[in-house]
Structures are given as C-alpha cells and as structure tokens.
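Architecture and fold: a report
One-letter residues, chain by chain:
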Amino acid sequence: MANCNRRGSKSKLGQALLGAVFLLTPAIICAAEYIAIPGKQFASVLSGPDVKDMARVPSFSMRTSPVTTGEYQQFLRTHPEWQRDQIASIFADASYLHAWTSTSDVGNETKSTQAVTSVSWHAAQAYCESEDARLPSWYEWELVAAADEQHADARSDPAWRAHILSWYSESPAQSSANMSHAPNYYGVRDMHGLIWEWVSDFNALLISADSRTQGDPDKLQFCGAGAISLQNKENYAILMRVALLSSLTGASTTDNLGFRCARDLKEEKK
C-alpha cells in the first residue's frame, strides 16, 4: 500500500542510482513505493542467438509490489468510469472484477492487502496513469524477475528455476494470498509465486520485428509452437508467462492476472 510518510525501502543499488543521476518528484514517490532499477543489456528469452540481439533496457523505476485490491478500490471511487457497471465491453470482458460484492467494493477487508486480479490490460494501464506511471514493458519485467534475493540474474540456477516452477502446481486460492515474499536483489517483491502480471507490450511478445524471420504467423496462436522459437528453453516458467500473455486481448481478465506499474526515470537537470 502507498505510504506518504516514508519513501519506501530501497536497495543500496537503487539509492545510489537515484542519488547520483536521477530524480523523482516527492509527490510521485508519495503516491506509491517505487524503486530505481539500473538499466542494462541482457539476454531475454525473446532475444536472438547473437550478442547484437541482446535486449537493452534503460534505467527505470518499478513498483515494489503489485497493485493491491485496496488501492484499486480507491482508484474506482475516484474514477467511476472503470467500475464494473460503467466500463465499456471493449475495455474489459464479463469477468472483470466478477468476485467483488459491488461495483466499487470488494466486500472483504482482508482482501484489501492482496494483489488485485481480474483486471484487464486497459484498466491496468488506466490505473498506472493515475499514478503518473505506466505498465512495464516485457523486457523491464523480465529483467527484474530474473533476480533472486542475492543476484541480479539467477536464471542459470536450477534450484531457482525449480522454485519458480513449483508455483504452477498451486491452486488459484493458494496463489492469491497476501503479499509477503522477501524482496529480491533490486528490492522488488512478488515477481513470482503470487500472480501473473500484465506488461505494456503483451500482444507483441511472439512477433518478430522482421517479417522475413517470422515463419508461419498462424503457428504463434498456439503456446507450444510459439515457445519453440524462443531462447533459454530451460527457463520454462518464464516461457509460460510469454505464452499466457500472448494468448490474451486487452479486454481479457483472469483470476490470477494482476499488475504493477513502472515509470521512466527523469534525468536530473544540471
């Protein structure tokens, strides 16, 4: 939840980055807890086989936790056009917030600290805009999600991959528990083991920028066929996220799908 009396916990890496080069306004920091993520070049599961195909992610900031039901409930009260009975069908399917007892109230106080789910891409984007933010790109999300508690990139660790994969065996009821996992290397929580998360470019993850290398685009409508063209096939848990997101539309909602927001870092003027 947002806390305007403190700026939120920051990793030493994030503190150094913010203090040395970048600036976020106090009003924005007050709205929610964001943490600076240093930019880097890394091998995405979507990258090609050559070094030149490495993904390059500029520095940005990310919410330390997914948006909660309580936060989204407050958003609906100040933006009623996104309430269940007001939202246009083009922006959300019939399952949008279907478990809430009313159009603007989840009806269970204990759920207010849980990650909000059953929210469409359009609604998630609108919420992030209300925080002067946006949804993270896939590369941004994947970069932060590659970290464990001690390492910026733990993807080569079989134990780490197995731990993440074990989440898929849990029921939706187990997965929707309150956020309580330890922060990772960057100081970001619950990238795995809680919910699926929207990214801004979810509908472009399996599309090549060069149509000559695309092959048969119809094959990309099927999760398995899409995954065979990706790198790091041993990282099955991350590939499953790519497959799921690629199967959705902007109006789709599911009981395990929520979101967090990100922001561009503004370079401090000298």
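Each remark here, short or long, concerns the structure printed above.
Given the structure is predicted, the values throughout are model-derived calculations rather than measurements.

Before going further, it helps to spend a moment on helix H6 (residues 158-166). Among the residues making up H6, those that are buried are Trp160, Arg161 and Ile164. The arc that holds the buried residues of H6, viewed along the axis, is 95 degrees, so those residues lie on one side. Counted as exposed and oriented over 90 degrees from the buried face of H6: Pro158, Ala159 and His163. Structurally, H6 contributes buried residues whose contacts are with helix H5 (138-145) and helix H9 (236-246). N-cap assignment for H6: the residue whose side-chain oxygen lies 3.0 Å from the backbone N of Ala159 is Asp157.

Turning next to the environment of Asn235. Within the secondary structure layout, Asn235 lies in the loop between helix H8 (223-227) and H9. Asn235 sits in the buried class, given a relative accessible area of 4%. Distance from Asn235 to Pro158, taken between C-alpha atoms, is 9.1 Å for residues 77 residues apart in sequence. Other than its neighbours up to four places away in sequence, Asn235 contacts Arg155, Trp160 and Arg161.

Now for the pattern of salt bridges. Enumeration over the complete set of coordinates arrives at 7 salt bridges. One salt-bridge network, in which partners are shared between bridges, spans Arg63, Glu71 and Glu131.

With that out of the way, let us pick up helix H4 (residues 121-130). H4 sits mainly inside the fold: 7 of its 10 residues count as buried. Burial in H4 covers these residues: Trp121, Ala123, Ala124, Gln125, Ala126, Tyr127 and Cys128. Those residues of H4 hidden inside the fold are in contact with strand S5 (60-63) and helix H3 (69-78).

We now examine the packing of aromatic side chains. On inspection of all chains with the given rule, the structure shows 12 aromatic pairs. Measuring from ring centre to ring centre gives 5.7 Å for Trp82 and Phe91, while their planes differ by 45 degrees; the resulting arrangement is tilted. You can call Trp82 buried: its relative accessible area is 14%. On the numbers, 5.8 Å between centres and 50 degrees between planes, the contact of Trp121 with Phe202 is tilted. Residue Trp121 is found in helix H4, and its partner Phe202 is found in the loop between strand S6 (196-197) and H8; the two are separated by 81 residues along the sequence. Pairwise contacts between aromatic rings join Tyr72, Phe75, Trp100, Tyr127 and Phe259 into one cluster. Geometry around Tyr34 places Arg263 over its ring, the cationic atom sitting 3.6 Å from the centre.

This part takes up the sheet that holds strand S8 (residues 262-264). If you walk across this open sheet you meet the 3 strands as S2-S5-S8, and the pairing is antiparallel. Two strands lie at the open edges of the sheet, namely strand S2 (34-37) and S8, each paired on one side alone. Each strand axis lies, on average, 25 degrees off the axis of its neighbour in the sheet, ignoring direction. Bridge count for S5 against S8 is 3 bridges, and the pairing is antiparallel. Note that in S8 the partner of Met62 across the bridge is Ala262.

Two strands pair when backbone bridges link them, and S2 and S5 are joined in this way by 4 bridges, in the antiparallel orientation. Residue Ala36 lies in a different strand from S5, and its bridge partner there is Ser61.

Calculation rules
Residues numbered from 1 in each chain as written. Predicted model: local features only at pLDDT ≥ 70, side-chain atom pairs only at ≥ 80, totals over all residues. Heavy atoms only, no water. Buried < 20%, exposed > 50% of the residue type's maximum accessible area, 1.4 Å probe, protein only. Helix = DSSP H or I, 4+ residues; strand = E, 2+ residues; numbered from the N terminus. Arc of directions from axis to C-beta. Contact = heavy atoms within 4.5 Å. Polar contact = N/O pair within 3.5 Å; in protein donor to acceptor, adjacent residues only side chain to side chain. Salt bridge = Lys/Arg side-chain N within 4 Å of Asp/Glu carboxyl O. Phe/Tyr/Trp six-rings, centres within 6.5 Å; stacked < 30°, edge-to-face > 60°. Lys NZ or Arg CZ within 6 Å of the ring centre and 35° of its normal. Pairing = 2+ DSSP bridges. Axes fitted to C-alpha atoms, helices over the stretch in contact; angles between N-to-C directions.

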